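# Structural overview
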Amino acid sequence: MNYKLALLARDIHNSVLPKTYHFFGACIGIEVGFEIYNIYPEKLDDKVAEMRESLNGFTVTMPYKVKILDYCDELDISAETCGSANTILVKDGRLIGYNTDGWGMIKCLQLKGFEFEGKRAVLVGAGGVARSIAYHLLVNGVKSVDVLNPFAHETEALVQKMGPLFTGHILNQENLVQFTKERDVFINASILGQVGYDDFENLDFLDGLKRDALVFDVNYSNSDAKLPRAAKEKGFQSYVGKAMSSCQGIRAMEIWTGKKPSDEDARRLVASVEMEA
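Residues numbered from 1 in each chain as written. Predicted model: local features only at pLDDT ≥ 70, side-chain atom pairs only at ≥ 80, totals over all residues. Heavy atoms only, no water.

### Quick word on the sheet that holds strand β10 (residues 185–188)
Here we have six strands laid out as an open sheet, ordered β9-β8-β7-β10-β11-β12, and parallel in their pairing. Since the sheet does not close on itself, it has two edges, and those belong to β9 (166–170) and β12 (237–240), each with one partner. Averaged over all adjacent pairs, the angle separating strand axes in this sheet is 15 degrees, with direction ignored. Judged from the five bridges that link them, strand β8 (residues 144–149) and β9 form a sheet pairing that is parallel. (Pairing = 2+ DSSP bridges. Helix = DSSP H or I, 4+ residues; strand = E, 2+ residues; numbered from the N terminus. Axes fitted to C-alpha atoms, helices over the stretch in contact; angles between N-to-C directions.)

### Quick look at the packing of aromatic side chains
Tallied over the full model, the rule gives seven aromatic pairs. Taking 5.2 Å as the distance between ring centres and 55 degrees as the angle between the ring planes, the aromatic pair formed by Tyr21 and Trp256 counts as tilted. Remark: Trp256 occurs in helix α9 (residues 244–257) and Tyr21 occurs in helix α1 (residues 17–28); sequence separation between them is 235 residues. By relative accessible area, Tyr21 is classed as buried at 2%. A ring pair is formed by Phe186 and Phe205, whose centres lie 5.3 Å apart and whose planes are at 40 degrees; its orientation type is tilted. (Phe/Tyr/Trp six-rings, centres within 6.5 Å; stacked < 30°, edge-to-face > 60°. Buried < 20%, exposed > 50% of the residue type's maximum accessible area, 1.4 Å probe, protein only.)

### Some words on the environment of Ala157
By the secondary structure assignment, Ala157 is in helix α6 (residues 152–162). With a relative accessible area of 33%, Ala157 lands in the partly exposed category. It is 9.6 Å that separates the C-alpha atoms of Ala157 and Arg131, two residues lying 26 residues apart in sequence.

### Some points on the layout of surface pockets
If you add up the space inside the second largest pocket, you get close to 370 Å³. Lining of the second largest pocket is provided by 16 residues; of these, Tyr220, Asn222, Ser223, Pro228 and Val240 occupy positions nearest its centre. Looking at the lining of the second largest pocket, the elements with two or more residues in it are α8 (226–233) and β12. (1 Å grid on protein atoms, 1.4 Å probe; cavity = no way out; pocket = protein on both sides within 12 Å on 5 of 7 lines; lining within 4 Å. Points joined across faces, edges and corners; volume = space filled by probe spheres on them.)

### A look at the pairing of strand β1 (residues 2–9)
With six of eight residues buried, β1 is to be regarded as a mostly interior element. In this fold, the crossover linking β1 to strand β2 (residues 31–38) by way of α1 has right-handed handedness. Where β1 meets strand β3 (residues 57–60), four bridges bridge the pair, whose relative direction is parallel. Within β3, the residue paired with Leu7 across the bridge is Thr59. (Right-handed = clockwise from strand over helix to strand, strands pointing away.)

### Remarks on the sheet that holds β3
As summarised here, the arrangement of the six strands in space is β2-β1-β3-β5-β6-β4, forming an open sheet in which the pairing is mixed. On the outer flanks of this sheet lie β2 and β4 (74–75), each paired with one strand and no other. Of the strand pairs in this sheet, β3 and strand β5 (residues 87–91) are connected by three bridges, and their pairing is antiparallel. From the neighbouring strand, Thr59 faces β5, where its bridge partner is Thr87. This element, helix α2 (residues 44–54), spans β1, β2, β3, β5 and β6 (94–98) of the sheet and lies at about 165 degrees to β1. Against the sheet, α9 makes contact with β1, β2, β3, β5 and β6, and its axis sits at roughly 10 degrees relative to β5, the strand it touches most. (Contact = heavy atoms within 4.5 Å.)

### Looking at the side chain of Lys65
Mapped onto the elements, Lys65 comes out in the loop between β3 and β4. On the accessibility criterion, Lys65 (11% relative accessible area) is buried. Polar side-chain contacts of Lys65 include one of 2.8 Å to the side chain of Asp101. What Lys65 contacts, discounting residues up to four positions off in sequence, is Val60, Ser84, Ala85, Asn86, Asp101 and Val129. (Polar contact = N/O pair within 3.5 Å; in protein donor to acceptor, adjacent residues only side chain to side chain.)

That is the geometry; function is a separate question.
Here is the structure:
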């Protein structure tokens, strides 16, 4: 069977996803056709109707991760909890929405030998990607998560949705120092460090982390971002989100085909993706 897949986007012209799905398709013995659809909002209704009839599944990126829920006939608990979807299964003309953003981060780090069960985490950000990461931290057994974010209403919404293991704080230097002490994981899922946005002013708070802590920055488009470099210089395990999309593909392929690539295949792809400029 030739699986017809796609990415629904607004302005994406260079994505790791075609490589990801062609590679994983070969690994599990299926043929994959993959297209990127850049669609203006006024054309979205017609395009989704077309995709409902012509595809086996598709991925969704900004700015449509929330809007796509309006078109879904059913939501997996991941999409329902996160309030957005990035993976859509097309089944008998029905659209079923899933959210695999955070799953991709978790899997990427598990492939490197890191486990989250019982860990105390710090999460900077409370937007769409942060909410997905929060959900997948929860289902992977973290002990606690301190959420730091500049917008109190956004933080409160995330904390209320995720439950008592999550505590919200205003993002400032004092709280960064206080709430990173003796933590196992530090995750930046905010716009800090992205091209065109402010960066962390002072990263001395990292010194409060446990010495074997892991630091993960979802952003990878800015090679001058301060967090990954400082974390590495301080001796922490430090990773960026370049392989997240590829690792999301593991879960997406399972959703679409009922088969998933092996961890060894996933490690090969991640290594290839991380080596690319």
